[in-house]
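In case you want the letters, here they are:
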Protein chains: 4
Amino acid sequence: MPALSKGASEECVRGRGRPRDEVARARILEAALQLLEELGFASATTDAIAERAGASKATIYRWWPDKAAVLMEALRGTVTQDNPFPDTGNLRQDIRLQLENFISLLSGQRGRILKAFIAAAQSDEEVAAAFRSVWMKPRRDATKALLERHQQKGRLAKDLDLDLVLDLLYGPLYFRLLAGHGPLTPAFADAIAELALEGLPQG
Amino acid sequence: MPALSKGASEECVRGRGRPRDEVARARILEAALQLLEELGFASATTDAIAERAGASKATIYRWWPDKAAVLMEALRGTVTQDNPFPDTGNLRQDIRLQLENFISLLSGQRGRILKAFIAAAQSDEEVAAAFRSVWMKPRRDATKALLERHQQKGRLAKDLDLDLVLDLLYGPLYFRLLAGHGPLTPAFADAIAELALEGLPQG
Amino acid sequence: MPALSKGASEECVRGRGRPRDEVARARILEAALQLLEELGFASATTDAIAERAGASKATIYRWWPDKAAVLMEALRGTVTQDNPFPDTGNLRQDIRLQLENFISLLSGQRGRILKAFIAAAQSDEEVAAAFRSVWMKPRRDATKALLERHQQKGRLAKDLDLDLVLDLLYGPLYFRLLAGHGPLTPAFADAIAELALEGLPQG
Amino acid sequence: MPALSKGASEECVRGRGRPRDEVARARILEAALQLLEELGFASATTDAIAERAGASKATIYRWWPDKAAVLMEALRGTVTQDNPFPDTGNLRQDIRLQLENFISLLSGQRGRILKAFIAAAQSDEEVAAAFRSVWMKPRRDATKALLERHQQKGRLAKDLDLDLVLDLLYGPLYFRLLAGHGPLTPAFADAIAELALEGLPQG
DNA sequence: ATCTAATCGAGACGGTACGTCGAGTCTTCCC
DNA sequence: GGGAAGACTCGACGTACCGTCTCGATTAGAT
């Protein structure tokens, strides 16, 4: 996980020296998020983040490989909290809740930030890598685990490619977010869930 | 359209001085497009564009407000309709062909250009509007007409919201294009078509 | 004199085409002089001269080889003798009047022009020669004649090198004009005259 | 002293951050001097200085306000070293040595550079400010200190305005340097010193 | 109670691209 | 053919940001 902060919750062997200042880490992420919302991706400079956080650039670059990683982690931190992955035991309900949650996420401030990120990722492979590892993968893994539970309980065909299912479910939502050709409403999320579900081989 | 070149096809009253060098303008846009494809948005520098176009930076900045505007206009010139929309009479086959065609389009140079276009649209509503009207709408209208024919022939439920269907079909493809978390292969197109079809109420 | 305008008073063979517009030439030189006084040598751009003169840059570069030549010719037009050299019969008074007159000259528009002239002379021997013959020599000759009268009347040592005296008296004034490290006031002129006449008061 | 490099020999309180790289500073000044001598004032570009010094333009502009200030300090650095201000205890001898030293300085490569600087200063207030603060002021301060010692020892009137004295002594030398109407020989320096000290011999 | 090592804030560094400006040239139409 | 308008190339300017590095100061565990 090179794009992620190293320390965090890992099992540090607790070396000799001064330990990492977790308060500084939190201040940096908070400052990064503020600047991301205020100025956008390109204008949120590392110097500005360091200054607002009362940290030094060296501290930032000790724990994150580049600017994109900081902003990505700041973004992710604001999402995982308020985005519990429901497991009601009912496949249709789980999926609808997932998509509705995601729609409500995209509709707020986070949606704009996410758009800026994906835009930046198109012209910068580092940003793209950070986006995939910090944002996409954890969310997809969590949703995949949910679907796997449904598979194991027999509510979903066992040979189904879950990556495909995730693309079918989330693709339309990202599509509207980025192309802006239609509204991002809960009703849209439900309709997509409905269409997609009826096609899934419900073994 | 302030972000675009002023002159172009406008009704210039043919002022007194030396007229704009349209050849140089074309060379600049051509160079911009080449560099965009070769290096991406961020690495396509104005100096490089000027050098390859045999123009000077001053000329570029006389006609475009900044680098993004040059690249945007270069991009816009490539958006043309040259995709035959097949109509075989078989819904499944039509959809598969559509998606496979689109995949092959995205896989080439046009895919990279499209990515850059969508990226630019995220921070510029004018670009976004142009993208929707010049790229999205004609293509969606054509595909919608195809689906409507299938509806009239009874192969597709008559009360189906076709915009929803288009999002379900194309969303996953745009999603992989922009997020880059999976390959854009014909097999992927087929799999999406299959999943989507099985869910459509084939009344 | 390649640095000057070609036409002027030369015997033009009166070729086929439209003759040179002498009014435009005069407007260009007038504009050049104004801008030289207002902004200095570097900030008096050719674009500004052309705009103020209502001329085009092409016209300027048709008749002068470069910007310096235009400004030089504008400058040369202002070098005229209009300074009465007083002869009161009193050495001290004569010298003080001379220096005070010179100070008042330097303080006005002519001072700024003179600065520009001397600056140009540093990198152009032709300008330097013109400066010495057109400006320096007549003025020094006149002052030398005045001092010679004082020598003949016994008020000044007969074996005194008058060039040296002129440098001692005028050098400090030119120095402040060009280095700008102190004010060019009549009081300064008087003080220099006093010191030069009496020598440094040695405790 | 805004036109001067900040650090140098000042009593820095040794702030927290990384200290200024004095080696880089020396390399920049050395490169500036070389280019000044090779190409002259106008053609010694900041990019060339940075490249030859192995430094970056940002480093140059961090410590000097503009190109003129760098070149000025480079020039000054080469002079103050090999130009000790003598203090023999004899006023006349000190002054003669000072002026003779200055004449020998003006006669070499430095004289040409100095002329170019003063010329540039006439049309560029930034250069003028740099010239006064980097060249004039330190040299005048040093000579003033010398004269003050003579004042304190009673060899020079205590109420004498030393700025005036400096103009009387150095003005004639700068005058000949810039107007070029007479030779810059040691004999000239001696004659000026003699006249200034004793006053004009009034027959 | 030191010693040692890793951390911190501060901030200077090399590098790269930006967008601006002026000089001098060239190209069109108008007189 | 001369002149006004104004677009062009060239090249330097000074600025901004990135990611790296080097200080002195701080804070632990190890000796």
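Note that this is a predicted model, so its numbers are computed, not measured. (Residues numbered from 1 in each chain as written. Chains lettered and ligands numbered in written order. Predicted model: local features only at pLDDT ≥ 70, side-chain atom pairs only at ≥ 80, totals over all residues.)

## A word on the overall build of chain A
Right, on to step 1. Looking only at helices and strands, one finds nine helices and zero strands in chain A.
Right, on to step 2. Counting the 203 residues in chain A, one finds 37% classified as buried. (Helix = DSSP H or I, 4+ residues; strand = E, 2+ residues; numbered from the N terminus. Buried ≥ 20, exposed ≤ 12 C-beta atoms within 10 Å, placed from the backbone.)

## A closer look at the protein's contact with DNA strand E
Right, on to step 1. If you check the shell around DNA strand E, you find 48 residues, and the closest are Gly17 and Ser56 of chain A, Arg18 of chain B together with Gly17 and Arg18 of chain D.
Right, on to step 2. Within the residue set of the surface near DNA strand E, elements represented by two or more residues are helix 3 (57–63) of chain A, helix 2 (46–53) and helix 3 (57–63) of chain B, helix 2 (46–53) and helix 3 (57–63) of chain C together with helix 3 (57–63) of chain D.
Right, on to step 3. Residues of the surface near DNA strand E, tallied by class, amount to 11 nonpolar, 15 polar and 22 charged. (Near = placed C-beta within 6 Å. Nonpolar A, V, L, I, M, F, W, Y, C, P; charged D, E, K, R; others polar.)

## Focus: the interface of chain A and chain B
Right, on to step 1. Counting residues at the interface gives 35 residues for chain A, matched by 36 residues for chain B.
Right, on to step 2. Contributing elements (two or more residues each) for the side of chain A that touches chain B: helix 6 (109–122), helix 7 (125–152), helix 8 (162–179) and helix 9 (186–199) of chain A.
Right, on to step 3. For the side of chain A that touches chain B, the element with the most residues is helix 8 of chain A, which contributes 12 residues.
Right, on to step 4. A breakdown of the residues in the side of chain A that touches chain B according to their chemical character gives 20 nonpolar, eight polar and seven charged. (Contact = placed C-beta atoms within 7 Å.)

## Things to note about the nonpolar core
Right, on to step 1. Grouped together as the largest cluster of nonpolar side chains are 115 residues, with contacts concentrated most on Ala32 of chain C together with Ala32 and Phe117 of chain D.
Right, on to step 2. Ranked by residues supplied to this core, first place goes to helix 8 (residues 162–179) of chain D with 11 residues.
Right, on to step 3. The contacts of phenylalanine 117 of chain D, once residues within four sequence positions are left out, are Phe41, Met72, Leu75, Val127 and Phe131 of chain D.
Right, on to step 4. Ranked by size, the runner-up nonpolar core spans 111 residues in total, among them Ile28, Val70 and Phe117 of chain A together with Ala44 of chain B. (Core = buried A, V, L, I, M, F, W, Y, C linked by C-beta atoms within 7 Å.)

## What to know about the environment of arginine 140 of chain A
Right, on to step 1. With respect to the helices and strands, arginine 140 of chain A occurs in helix 7.
Right, on to step 2. For the pair arginine 140 of chain A and aspartate 167 of chain A, spaced 27 residues apart in sequence, the C-alpha to C-alpha distance is 9.7 Å.

## Focus: the interface of chain C and chain D
Right, on to step 1. In this complex, chain C contributes 45 residues to the contact, which on the side of chain D involves 42 residues.
Right, on to step 2. Every element with two or more residues in the side of chain C that touches chain D is listed here: helix 6 (109–121), helix 7 (125–152), helix 8 (162–179) and helix 9 (186–198) of chain C.
Right, on to step 3. No other element matches the 13 residues that helix 8 of chain C contributes to the side of chain C that touches chain D.
Right, on to step 4. Tallied by class, residues from the side of chain C that touches chain D come to 26 nonpolar, 11 polar and eight charged.

## Structural notes on helix 4 (residues 67–76) of chain B
Right, on to step 1. Where burial is concerned, most of helix 4 of chain B is hidden: seven out of the 10 residues are buried.
Right, on to step 2. Turning to helix 4 of chain B, its buried residues number three or more, namely Ala69, Val70, Leu71, Met72, Glu73, Ala74 and Leu75 of chain B.

## Digging into helix 2 of chain C
All names here are of chain C.
Right, on to step 1. When helix 2 is considered as a whole, its buried residues turn out to be Ile49, Ala50 and Ala53. Down the axis of helix 2, the sector holding all buried residues measures 95°, keeping them to one side.
Right, on to step 2. Looking at the buried positions of helix 2, the neighbouring elements they touch are helix 1 (22–39), helix 3 and helix 4 (67–76).
Right, on to step 3. Looking one or two residues past helix 2, glycine 54 carries a phi angle of roughly 65°, positive in sign. (Arc of directions from axis to C-beta.)

## What about the environment of phenylalanine 117 of chain B?
Residue and element names in this part refer to chain B.
Right, on to step 1. Mapped onto the elements of the fold, phenylalanine 117 is located in helix 6 (residues 109–121).
Right, on to step 2. Here phenylalanine 117 falls in the buried class, since 23 other C-beta atoms lie within 10 Å of it.
Right, on to step 3. When the C-alpha atoms of phenylalanine 117 and glutamine 98 are compared, they prove to be 22 Å apart, with 19 residues separating the residues in sequence.

## Focus on the packing of helix 4 of chain C against helix 6 of chain C
All names here are of chain C.
Right, on to step 1. Viewed as axis vectors pointing N to C, helix 4 and helix 6 meet at an angle of 130°, and their least axial separation amounts to 10 Å. What the angle tells us is that helix 4 and helix 6 run oblique. Relative to helix 6, the crossing made by helix 4 is left-handed. Along the contact surface, helix 4 presents Ala68, Leu71, Met72 and Leu75, while helix 6 presents Ile113, Ala116, Phe117 and Ala120.
Right, on to step 2. Broken down by class, the residue content of the contact of helix 4 with helix 6 amounts to eight nonpolar, no polar and no charged. (Axes fitted to C-alpha atoms, helices over the stretch in contact; angles between N-to-C directions. Parallel < 35°, antiparallel > 145°, perpendicular 65-115°, else oblique. Left-handed = near helix turned anticlockwise from the far one by under 90°.)

## Focus: the packing of helix 5 (residues 91–107) of chain C against helix 6 of chain C
All names here are of chain C.
Right, on to step 1. Direction vectors running N to C along helix 5 and helix 6 enclose 80°, while the axes themselves pass 4 Å from each other. Judged on the interaxial angle alone, helix 6 and helix 5 are roughly perpendicular. Residues Leu105, Leu106 and Ser107 of helix 5 form the contact with helix 6, whose own contacting residues are Arg110, Gly111 and Leu114.

## With respect to the environment of alanine 69 of chain B
Residue and element names in this part refer to chain B.
Right, on to step 1. If you trace the backbone, alanine 69 turns up in helix 4.
Right, on to step 2. Judged by the 21 C-beta atoms lying within 10 Å of it, alanine 69 is buried.
Right, on to step 3. Expressed as a C-alpha distance, the spacing of alanine 69 and aspartate 94, which sit 25 residues apart in the sequence, is 38 Å.

## Describing the confidence of the model for chain A
Right, on to step 1. In this model, chain A carries a mean pLDDT of 84, and residues with pLDDT of at least 70 account for 87%.
Right, on to step 2. Across residues 1–12 of chain A, where pLDDT falls below 50, the model places 19 contacts with residues more than four positions away in sequence or in other chains. (pLDDT = per-residue confidence, 0-100.)

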